[in-house]
Amino acid sequence: MRTLWRLSPLAFAPAFSLPMHRFRWLLFGILAMCAYLWTMGPSLMGGDSGELLLSSWMHGVAHPPGYPLYTMLTWAFAKALAIGDVAWRYNVFSGVCNAVAAILLGRLVERITKDFWPGLVTASILAFSPLIWRYSVVAEVFGLNQVIIAVFLVLLWNFLETRSTKLWLGLCLVAGLGVAHHHTSVMVTVPVMTGLLWQDRRILLRRLPGGLLAAAAGLLPYLYIIAAAQSVPLMAWGNTSTLDGAIVHFLRQEYGTLKLGNAMTGTEHAVLLRLSYFAWDLPLNSLFGLGVWWTVMFFRRIFGAAAQPQDPPQLWSFAAWTAMACSVYLLSFTYLANLSLDLPLGYTIQSRFWLQALLFFGMWAGLGFGLVDGIWAKHRRTIALGSLAVLIPFGLATESQRHTTQIRDHGIRVLESLPKDAILFYEGDHTWGAISYAQLVLGIRPDVDALPINFLTFPWCRRWTAANCPRIVLPSKGSGQYLETGYNFRELYEANHKGGREIFTINAVSSWD
């Protein structure tokens, strides 16, 4: 059997039955996962990680809009992996998703430019940029969202190339799956789908019913939040046991429809201010500014006088559609975002939503690097490998969470310090995840009734408390909720202290109380 060898740092391997370009991307995926695993959080991490992974592991319902696709996929992944800490498995899922998204768009750029090295630049930016790396080592929903948008962009290129109605149906299905995971995908998929429908209306209008059915099929994961809520699971936000409750959850009405939250609110509709923060973060996450330059060069070539006859005929359309999609996303998100940028937590929460836009800029950077002639063309391999040589050590030094166990340890120590049959009211994402993980996964102190007090501010609190904390007594005063129109903390304390049970709080008393 004849063995072919290609002397390249990323392709020094026998051909066998695996095409060389696939071997290169397999090797890149292994490299990305090795870097992620070395810096992976070893257990429970902060933010929403605890609630998200426990909602999946315990067959519950996550906070609005529920993330049913993530809940089901991560449960299957964690069960299949079946090694290590449960939280670590969910962290690994994020890394796998971001590596897959980087490879998908890297391979797309390779197809368009007919050169591996521009694709490697795109993949390197999308796998090893600091912000993307940060959310590749913790359990979060953003990695799966990156995969969905990457698949959508690949299908978009293929559709523009072939105008296949099957690919149109595929785009509709992926758009539906995007909604079943994360609402922000709508700001990308719907404008593109609407534009394509209008542009090719003579053909696609006949396929509109099929497209709507495909999109509806993508929404089927939302049936999960209705089914899961029937048993009132411990890790369940809201009452989604009915269609009305599921719609409320889907629309995030308890947070404010299409808003980031109802707490820490700041100046709404501050589009220019929020865009300026994105512009500030972009160079660091685009190969320290080189990606921004290559993006400018790409659009200059496509829309300027530098266009070349050898460019794929659909490249202009692809550039226009992706530019429109990214612009609509950034403008829509910055208009709707309502968290205060004066608070570090508010800024951090908002910065996570730049990840979706970075997909576009990473792809454009690779296209600009691959299509623009000059000094870049002469040294493409050196620059592409150099980008890896710079980004990976930088990420290893700045984004490592491999020794982070504080959140898990916090939950364990709080519970172990409490007397037998104590009641604990608490507030905050970190505490919720830490306490719940210690009790439900590690099996520590199940005798303690631990209850997130913010649950008591919602109408569904009594149903949830009766099912999961039956020993807790909720006063019936006023609205029957922990609000100014209902009962205060003293009345909650007195209702539960009569039996002699000791009561403790963590961040649990509201400012009005």
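Structure first, text after, so check above.
Residues numbered from 1 in each chain as written. Predicted model: local features only at pLDDT ≥ 70, side-chain atom pairs only at ≥ 80, totals over all residues. Heavy atoms only, no water.

Student: Just to check I follow, could you spell out the packing of aromatic side chains for this structure?
Tutor: We describe a pair of aromatic rings using the distance from one ring centre to the other and the angle between the two ring planes. Within the structure shown, the criterion is met by 38 aromatic pairs. With a centroid separation of 5.6 Å and 55° between ring planes, the pair formed by Phe128 and Trp133 is classed as tilted. Ring geometry for Tyr277 versus Tyr347: centroids 5.2 Å apart, planes at 65°, classification edge-to-face. Note that Tyr277 is positioned in helix α14 (residues 271-281) and Tyr347 in helix α17 (residues 344-351), a separation of 70 residues in sequence. Residue classification places Tyr277 among the partly exposed positions, given a relative accessible area of 27%. The ring of Trp57 has Lys79 lying over it, and the distance from NZ or CZ to the ring centre is 4.3 Å. For Arg402, the ring lying beneath its charged end belongs to Trp38, and the centroid distance is 3.7 Å. (Phe/Tyr/Trp six-rings, centres within 6.5 Å; stacked < 30°, edge-to-face > 60°. Helix = DSSP H or I, 4+ residues; strand = E, 2+ residues; numbered from the N terminus. Buried < 20%, exposed > 50% of the residue type's maximum accessible area, 1.4 Å probe, protein only. Lys NZ or Arg CZ within 6 Å of the ring centre and 35° of its normal.)

Student: Would you mind going over the packing of α14 against helix α16 (residues 315-336) with me for this structure?
Tutor: How two helices sit against one another is set out by the angle between their axes and by the gap between those axes. Direction vectors running N to C along α14 and α16 enclose 120°, while the axes themselves pass 8 Å from each other. Our classification of the angle between α14 and α16 gives oblique. Considering how the two elements wind past one another, α14 and α16 form a crossing that is right-handed. Within the contact between the two elements, α14 uses Val271, Arg274, Leu275 and Phe278 and α16 uses Leu330, Leu331, Thr334 and Tyr335. Grouping the amino acids of the contact of α14 with α16 by side-chain chemistry returns 6 nonpolar, 1 polar and 1 charged. (Axes fitted to C-alpha atoms, helices over the stretch in contact; angles between N-to-C directions. Parallel < 35°, antiparallel > 145°, perpendicular 65-115°, else oblique. Left-handed = near helix turned anticlockwise from the far one by under 90°. Contact = heavy atoms within 4.5 Å. Nonpolar A, V, L, I, M, F, W, Y, C, P; charged D, E, K, R; others polar.)

Student: What should I look at first to understand the pairing of strand β1 (residues 423-426) in this one?
Tutor: Looking down a regular strand, the side chains alternate between one sheet face and the other. Of the two faces of β1, the one lined by Ile423 and Phe425 and the one lined by Leu424 and Tyr426 are each fully buried. Of the pairings in the sheet, the one linking β1 to strand β2 (residues 449-452) comprises 4 bridges and is parallel in character. Along β2, the bridge assignment pairs Ile423 with Asp449. The β-α-β motif built from β1, the intervening helix α22 (residues 429-440) and the parallel element β2 has right-handed crossover chirality. The pairing of β1 with strand β3 (residues 503-506) spans 4 bridges and is parallel. (Pairing = 2+ DSSP bridges. Right-handed = clockwise from strand over helix to strand, strands pointing away.)

Student: Got a minute to help me understand the side chain of Gln439 in this structure?
Tutor: Within the secondary structure layout, Gln439 lies in helix α22. A relative accessible area of 16% means that Gln439 is categorised as buried. If we ignore the near neighbours within four places in the chain, the residues touching Gln439 are Leu415, Ile444, Arg445, Pro446, Val448 and Ala450.

Student: What is the right way to look at the pattern of salt bridges in this model?
Tutor: Note that side chains of opposite charge can pair when their charged atoms are close. For the coordinates displayed, the defined rule picks out 12 salt bridges. A salt bridge links Asp409 to Arg408, with the nearest nitrogen and oxygen atoms 3.3 Å apart. Exposure remark for Asp409: the relative accessible area of 19% places this residue in the buried category. In the salt-bridge network here, residues are joined through shared partners; they are Asp421, Asp449, Arg471 and Arg501. (Salt bridge = Lys/Arg side-chain N within 4 Å of Asp/Glu carboxyl O.)

Student: I would appreciate a short explanation of helix α9 (residues 186-199) in the present structure.
Tutor: Along an α-helix, residues three or four positions apart point the same way, because every turn accommodates 3.6 residues. The first and last C-alpha atoms of α9 sit 19 Å apart over 14 residues, in line with the 20 Å expected at 1.5 Å per residue. Within α9 the residues assigned to the buried category are Met187, Val188, Thr189, Pro191, Val192, Met193, Gly195, Leu196 and Leu197. The inward-facing, buried residues of α9 abut α7 (142-162), α8 (165-179), α10 (201-204), α11 (208-218), α16 and α18 (355-371). (Expected span 1.5 Å × (residues − 1).)

Student: Sorry if this is basic, but what is going on with the environment of Ala175 here?
Tutor: When you line up the elements, Ala175 lands in helix α8. Owing to a relative accessible area of 12%, Ala175 belongs among the buried residues under this scheme. Put simply, Ala175 and Ile30 are 145 residues apart on the chain and 29 Å apart in space, counted from C-alpha to C-alpha.

Student: In this structure, what is going on with the sheet that holds β2? I would like to understand it.
Tutor: Backbone-to-backbone hydrogen bonds join strands into a sheet, with any given pair of strands oriented parallel or antiparallel. Taken together, the 3 strands give an open sheet; going across it, the order is β2-β1-β3, and neighbouring strands pair in parallel fashion. Looking at which strands have only one partner, the edges of the open sheet turn out to be β2 and β3. Put simply, the sheet's adjacent strands are angled 20° from each other on average, direction ignored. Packed on one face of the sheet, α22 meets β1, β2 and β3 and runs near 150° to β1.

Student: Can you help me understand the packing of helix α3 (residues 68-81) against helix α4 (residues 86-113) in this one?
Tutor: Interaxial distance between α3 and α4 falls to 9 Å at its minimum, and their mutual angle equals 115°. What the angle tells us is that α3 and α4 run roughly perpendicular. Seen from above, α3 lies across α4 with right-handed handedness. Contacts between α3 and α4 pair Tyr70, Leu73, Thr74, Trp75, Phe77, Ala78 and Leu81 from the former with Trp88, Arg89, Tyr90, Val92, Phe93 and Val96 from the latter. When grouped by side-chain class, the residues that make up the contact of α3 with α4 number 11 nonpolar, 1 polar and 1 charged.

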